[in-house]
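Architecture and fold: a report
Chain residues, written in single-letter form:
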Amino acid sequence: MPNRSLTEHNATQCCKSIVDLAPGMWTAVRFAASTRHMIEGKISLTIIDTSERTGAAENVLTEFRKLSEKPVGRIIYTHSHRNHTSGTSVFAGGRKIPILASAGFDPELVGPGGTEIATCKALQRRTMAQFGFGLTPEQRVSLGCGPGNRPKEGMGAGHITPNRLAETDQDIDLDGVRARLIMAPGKAADHMAVWFPDARVLFPGGNWCHAFPILYTIRGTRYRDFGACADNLGMLAGIDAEVLALGHTMPVFGAGRDSEMLTRTRVAMRHTGDGMNAGRSVDDIAASVKQPPRLDALPRLAEFCERASWSARASAKGILGWKDGNPTNLGTLSSAARARHIARLAGGTDLLSEPALRTDDLKFRPEVCDHLTALGEPVQHLKADTLAALAETAINATARNTFPWGAGRPRETEISE
């Protein structure tokens, strides 16, 4: 059975619904990995973020049309991650309309032409593992920041390059609705929040959701500036919004409820900095990052999508690079060469197999299996079974998805699932 906290989080924070935020403002939750938002103006609509797939965007537009038949007049991207920008063609409906974004808009997965998803086989494999492409619904319970099961059609197909870019914070009129665009780098360097002062509704984009902040994603991303993220979470907290319409998971109602996440973020950063300054290895830093129990106990700050240990690794590598200060790690042993040395130390391959078979430490067993695999031993099924067992205990959705996928289940899956 999956971790109970993860299934409860999926049921409460990723429940499919159109939520009223304020008069003339709505958010669509659980139709895709991210949320979409609609603001009604005098004669037109504003859409904030558009999903990762055209299929999901079509489903959301159908629901939005039950609320208003006004044409979509403009689209705002809070940031460039493709799960927020890839359903745009559906909402634009073949018309050339203003598409607003930060001047630093820099889509990591979009190719030079601006409309296609850039190909990178390593990134594709890691993306497939993180999101559990090809896993069964029972295996892929959740994405941590969104539902596990969602439309499959049109991944990345609806991206349109923004045609209006904001250099700095600025007030803007959205067809009679006052708003302010706020530059807020964090989850992405080009992140932009949207604030509606009259309704007191803030759209912080992906900088915040009901989970530990996503400071790194295990599919592989560029370094995210932890300091800028913390500073901008503090800035957004100072706005004192009545409603937070999140880029993932359900909105938050009630002023002053965002300081806990900022505190958690700063705690993780402090622990990471202390470890680096003490000259400790990245493995030891990651293994020792622990948050105060009073913060761990808060459900909306649990590690459903991101882990403090992953953030610690990302911070250390982003600031210092791959070199961890230990000269031993300047060596260039291959996996096979290292495995041969380990086998000799164990007294032979057969004796090396014993720890993998007998240990109760499920985190250690896959390491031994990796050495045996490098030596040509048939331990794939043992590793697969071990990773499946680890998945069942994981509160973190992306880890749960990656464990069985990385074990070769499924063996081959197209990215366009």
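Residues numbered from 1 in each chain as written. Predicted model: local features only at pLDDT ≥ 70, side-chain atom pairs only at ≥ 80, totals over all residues. Heavy atoms only, no water.

1. Quick look at the pairing of strand β2 (residues 25-29)
Test applied: We call a residue buried when its accessible area falls under 20% of the maximum for its residue type, exposed when it is over 50%, and partly exposed in between, using a 1.4 Å probe and counting protein chains only. Runs of E in the DSSP output that reach at least two residues are strands. Runs of H or I that reach at least four are helices, and both are numbered from the N terminus. Strands pair, by our definition, only if DSSP identifies at least two bridges between them.
By the criterion of burial, β2 is predominantly enclosed, with 5 of the 5 residues buried. Examined bridge by bridge, strand β1 (residues 17-22) and β2 share 5 bridges and lie antiparallel to one another. Looking across to β2, one finds that I18 is bridged to A28. Counting the residues in the hairpin turn of β1 and β2 gives 2 residues, including G24, whose phi is positive at 80°. Pairing of β2 with strand β3 (residues 36-40), which is carried by 4 bridges, proceeds in the antiparallel orientation. Looking at β3, one finds that M25 is bridged to I39. Between β2 and β3, which pair antiparallel one after the other, the connecting turn spans 6 residues, and R30 there sits at a positive phi close to 75°.

2. Considering helix α5 (residues 226-239)
Just so we agree on the cut-off: To estimate how far a helix should extend, the number of its residues minus one is multiplied by 1.5 Å.
With 14 residues, α5 ought to run about 20 Å at 1.5 Å a step, and its terminal C-alpha atoms sit 20 Å apart, in line with that. Within two residues after α5, D240 carries a phi angle of roughly 60°, on the positive side.

3. A short note on the sheet that holds strand β12 (residues 243-246)
Rules: In this analysis, two residues are considered to be in contact whenever any of their non-hydrogen atoms come within 4.5 Å of each other. Here, axes are lines fitted to C-alpha atoms. For helices the fit covers the stretch in contact, and angles between N-to-C directions go from 0 to 180 degrees.
Ordered by their spatial adjacency, 6 strands build an open sheet running β8-β9-β10-β11-β12-β13, and the pairing between neighbours is mixed. At either end of the open sheet lies a strand with only one pairing partner, and these are β8 (170-173) and β13 (252-253). For strand β11 (residues 201-205) and β12, the ladder comprises 3 bridges, and the chain directions are parallel. Bridge pairing in β12 links L202 to L244. Along the sheet face, α5 touches β9 (178-183), β10 (192-196) and β11 and points at about 160° away from the line of β9.

4. Some points on the packing of aromatic side chains
Operational definition: Note on ring pairs: Phe, Tyr and Trp rings are taken, using the six-membered ring of Trp, and paired if centres are within 6.5 Å. Classes follow the plane angle, with under 30 degrees stacked, over 60 edge-to-face and the rest tilted.
Tallying each qualifying case throughout the model produces 2 aromatic pairs. Relative to F105, the ring of Y77 lies with its centre 5.4 Å away and its plane at 20°, an arrangement referred to as stacked. With Y77 in the loop between β5 (72-76) and α3 (88-92) and F105 in the loop between β6 (99-102) and α4 (121-130), this pair connects stretches of sequence that are 28 residues apart. Comparing Y77 with F105, the two get one shared label, buried. The interplanar angle of 75° and the centroid separation of 5.5 Å between the aromatic rings of F196 and F203 together place this pair among those described as edge-to-face. For the pair F196 and F203, a shared accessibility class is recorded, and that class is buried.

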